[in-house]
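# Fold and geometry: a report
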Amino acid sequence: MMNYTEQEIKALDRKFEHPDEVVICPRCGGQLEYQSRNGSCIVKCETNGCLRDAIRGI
């Protein structure tokens with residue numbers, strides 16, 4: 001993971017754990033989006049270049 005603050009990491013984790021919940025990006029105020037494909041999932045901010053993290057399946 002990049003150099004994210006604890007608050008940013010918590011927001012990303014919250015969206016991974018609750019994909020249907022509205023989670024606001026602590027960095028820019030945009031909404032975090034959840035996408036799932038082929039055994040992996042991505043959480044990213046709706047603002048390009050902001051927060052983003054991915055989990056890849058085995």
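Residues numbered from 1 in each chain as written. Predicted model: local features only at pLDDT ≥ 70, side-chain atom pairs only at ≥ 80, totals over all residues. Heavy atoms only, no water.

### A word on the pairing of strand E1 (residues 32-37)
Sheet analysis places E1 next to strand E2 (residues 40-45), joined by six bridges and oriented antiparallel. Paired with Gln 35 across the two strands is Ile 42, which belongs to E2. Turn length for the E1-E2 hairpin, with the two strands adjacent in sequence and antiparallel, is two residues, and the turn residue Asn 38 shows positive phi of about 45 degrees. (Pairing = 2+ DSSP bridges. Helix = DSSP H or I, 4+ residues; strand = E, 2+ residues; numbered from the N terminus.)

### Some remarks on the sheet that holds E1
Read from one edge of the open sheet, three strands run E1-E2-E3, paired in antiparallel fashion. For this open sheet the edge positions go to E1 and strand E3 (52-56), each flanked by a neighbour on one side alone. Across this sheet, the average inter-strand angle for adjacent strands is 10 degrees, counted without regard to direction. Strands E1, E2 and E3 of the sheet are contacted by helix H1 (residues 6-17), whose axis makes an angle of about 50 degrees with E1. (Axes fitted to C-alpha atoms, helices over the stretch in contact; angles between N-to-C directions. Contact = heavy atoms within 4.5 Å.)

### A few points about the confidence of the model for the protein
For the protein, the mean per-residue pLDDT works out to 93, and 95% of the residues sit at or above 70. Looking at the elements of the protein, mean pLDDT is at its lowest for E3, recorded as 94, and at its highest for H1, recorded as 97. (pLDDT = per-residue confidence, 0-100.)

### Some thoughts on the side chain of Glu 8
With respect to the helices, strands and loops of the structure, Glu 8 is situated in helix H1. Those residues in contact with Glu 8, other than ones at most four positions away along the chain, are Pro 26, Arg 27 and Leu 51.

### Focus: the nonpolar core
Counting residues in hydrophobic clusters, the biggest one holds twelve residues: Tyr 4, Ala 11, Leu 12, Phe 16, Val 23, Cys 25, Leu 32, Cys 41, Val 43, Cys 45, Cys 50 and Leu 51. Only H1 and E2 provide two or more residues apiece to this core. Discounting residues that sit within four places of it in the chain, Leu 12 has contacts with Tyr 4, Leu 32, Val 43, Leu 51, Arg 52 and Asp 53. (Core = buried A, V, L, I, M, F, W, Y, C linked by side-chain atoms within 4.5 Å. Buried < 20%, exposed > 50% of the residue type's maximum accessible area, 1.4 Å probe, protein only.)

### Here's the deal with the pairing of E3
Strand direction decides the pairing type here: E2 and E3, joined by five bridges, are antiparallel. Bridge pairing links Ile 42 to Ala 54 in E3.

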